[in-house]
Amino acid sequence: MYDKCLNCSQPVSTNFCSNCGQKSSTHRYSLRHFIEHDLIHGVWHVDKGILFTVKELFTRPGNSVREYILGKRANYFNFITLLLLTATVSAVLSHYSTIEYSSLVSEEGKASVNSFENLVTSYLKFFLLLSIPFNSFFSYIWFRKAEFNYSEHLVLNSYKTAAEMIASIVLTVIALFFNSTPIVVSIYFTAFCIFSLGYGIWFYSQFFSQSGYSRGSLIFRSLMIPVSFMLFQCIVGLIWGFLALMLK
């Protein structure tokens, strides 16, 4: 314990500085302290950090993220850090994954597959990250009455995407034990799509459950977010295909 805050030099008498919030007692960085405290305690602590955040995302996703956005943030892992971490793990696993969308298409049919569709399925993890601002726009439109701003919709959809990334990592790890056959690839994408749709409805319904919507309206609006995004994809795919034909 110090008499003055080492960050802002204000007098301190408690565990935290009342001026800037920093702990009143700090430590010199060392390898031992990093492993014992910063890594094990700060990241893997069951009441705080990654494990706590992941547990919340898969037990009470909407409620926990709503609490985070409304200010209860001390125990949660930052959504940007979580996204970067899951994206990094996905990128590492992709080098070992045998999942190939092309195995679902015959040699004769590969040439007719829309290049946009092929791009989406080939870079699924990247596409999930790219979809965040679009899903945020649609969730903002369908739940306007909830009065969360677009930036807050970006946060809630970032956490939702992080959960989907974690699910894709689990499916990828399972798929590592199988050869890339059309059946395995089909099961992989079907399982992920079913999870993504079901989880999305559960997530949005929970998040907006205190915003004055009826149960039926919650489910309908939650369903319309992915439906709106799929329609948007179809439109973009048609435009993409038309431009590809024009440029040939």
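Residues numbered from 1 in each chain as written. Predicted model: local features only at pLDDT ≥ 70, side-chain atom pairs only at ≥ 80, totals over all residues. Heavy atoms only, no water.

An unreviewed UniProt entry lists the chain under the name DUF3667 domain-containing protein, from Chryseobacterium joostei.

**Some words on the pattern of salt bridges**
Considering all chains together, one arrives at 4 salt bridges under this definition. Between Glu164 and Lys160 there is a salt bridge, with its nearest N and O atoms 2.8 Å apart. Taken together, the residues Glu164 and Lys160, both in helix α8 (residues 150–175) and 4 residues apart, mark about one turn of the helix. Summarising the burial analysis for this pair, Glu164 and Lys160 share the class buried. Through salt bridges that share partners, Lys55, Glu56, Arg60 and Glu67 make up one connected network. (Salt bridge = Lys/Arg side-chain N within 4 Å of Asp/Glu carboxyl O. Helix = DSSP H or I, 4+ residues; strand = E, 2+ residues; numbered from the N terminus. Buried < 20%, exposed > 50% of the residue type's maximum accessible area, 1.4 Å probe, protein only.)

**Details of the UniProt feature "transmembrane region" (unreviewed entry) in the chain**
UniProt records the feature "transmembrane region" (unreviewed entry) for residues 76–96, 123–143, 155–177, 183–202 and 223–247 in the present numbering. For residues 76–96, the end-to-end C-alpha separation is 31 Å, with 76% helix and 0% strand making up the annotated structure. (UniProt positions renumbered as here; feature names shortened; annotations may be inferred.)

**Overview of the side chain of Gln206**
Among the secondary structure elements, Gln206 is positioned in helix α9 (residues 182–207). Given the relative accessible area of 15%, Gln206 is considered buried. Gln206 has contacts with Thr59, Arg60, Pro61, Gly62, Asn63 and Arg66, leaving out every residue within four places of it along the chain. (Contact = heavy atoms within 4.5 Å.)

**Considerations on the packing of α9 against helix α10 (residues 215–246)**
Put simply, α9 and α10 touch, their axes get as near as 9 Å, and they point 130 degrees apart. Of the possible angle classes, the one that applies to α9 and α10 is oblique. Along this stretch, α9 crosses α10, giving a crossing that reads as right-handed. From α9, Leu197, Ile201, Tyr204 and Ser205 reach across to α10, where they touch Leu218, Ile219, Ser222, Leu223, Ile225 and Pro226. Per-class residue counts for the contact of α9 with α10 are 8 nonpolar, 2 polar and no charged. (Axes fitted to C-alpha atoms, helices over the stretch in contact; angles between N-to-C directions. Parallel < 35°, antiparallel > 145°, perpendicular 65-115°, else oblique. Left-handed = near helix turned anticlockwise from the far one by under 90°. Nonpolar A, V, L, I, M, F, W, Y, C, P; charged D, E, K, R; others polar.)

**A short note on the confidence of the model for the chain**
Of all residues in the chain, 77% attain a pLDDT of 70 or more, and the chain-wide mean is 80. Mean pLDDT values over the elements of the chain span from 49, in helix α5 (residues 107–110), up to 94, in helix α3 (residues 61–69). Confidence drops under a pLDDT of 50 for residues 108–113, and excluding neighbours within four residues, the segment shows 4 contacts in the predicted structure. (pLDDT = per-residue confidence, 0-100.)

**Concerning the nonpolar core**
In terms of nonpolar packing, the biggest core is built from 31 residues, with Val65, Ile69, Phe143, Leu156, Tyr159 and Phe208 touching the most fellow members. Contributing elements (two or more residues each) for this core: α2 (50–59), α3, α4 (79–94), α7 (124–142), α8, α9 and α10. In terms of residue count, α8 provides more of this core than any other element does, 5 residues in total. (Core = buried A, V, L, I, M, F, W, Y, C linked by side-chain atoms within 4.5 Å.)

**Regarding a nonpolar patch on the surface**
A grouping of Val92, Tyr96, Val170, Val173, Ile174, Leu176, Phe177 and Phe178 is seen on the molecular surface, where their side chains present a nonpolar patch of about 810 Å² in accessible area. Position of Phe177 among the secondary structure elements: in the loop between α8 and α9. Judged by its relative accessible area of 69%, Phe177 is exposed. (Patch = residues over 30% accessible without salt bridge, like charges linked within 9 Å, V, L, I, M, F, W, Y side chains within 5 Å. Areas by Shrake-Rupley, 256 points an atom, 1.4 Å probe, with all protein chains shown as cover.)

**Remarks on the packing of aromatic side chains**
Evaluated as defined, the whole model comprises 23 aromatic pairs. A ring pair is formed by Phe137 and Phe138, whose centres lie 5.5 Å apart and whose planes are at 70 degrees; its orientation type is edge-to-face. By relative accessible area, Phe137 is classed as partly exposed at 44%. On the basis of an interplanar angle of 90 degrees and a centroid distance of 6.0 Å, the ring pair of Tyr199 and Trp202 is categorised as edge-to-face. You can see Tyr199 and its partner Trp202 sitting in helix α9, 3 residues apart, about one turn around the helix. The exposure class assigned to Tyr199 is buried, which follows from its relative accessible area of 3%. Here the aromatic cluster, defined as three or more aromatic residues joined through ring pairs, consists of Phe58, Phe143, Phe148, Phe195, Tyr199, Trp202, Phe203, Tyr204, Phe207, Phe208 and Tyr213. (Phe/Tyr/Trp six-rings, centres within 6.5 Å; stacked < 30°, edge-to-face > 60°.)

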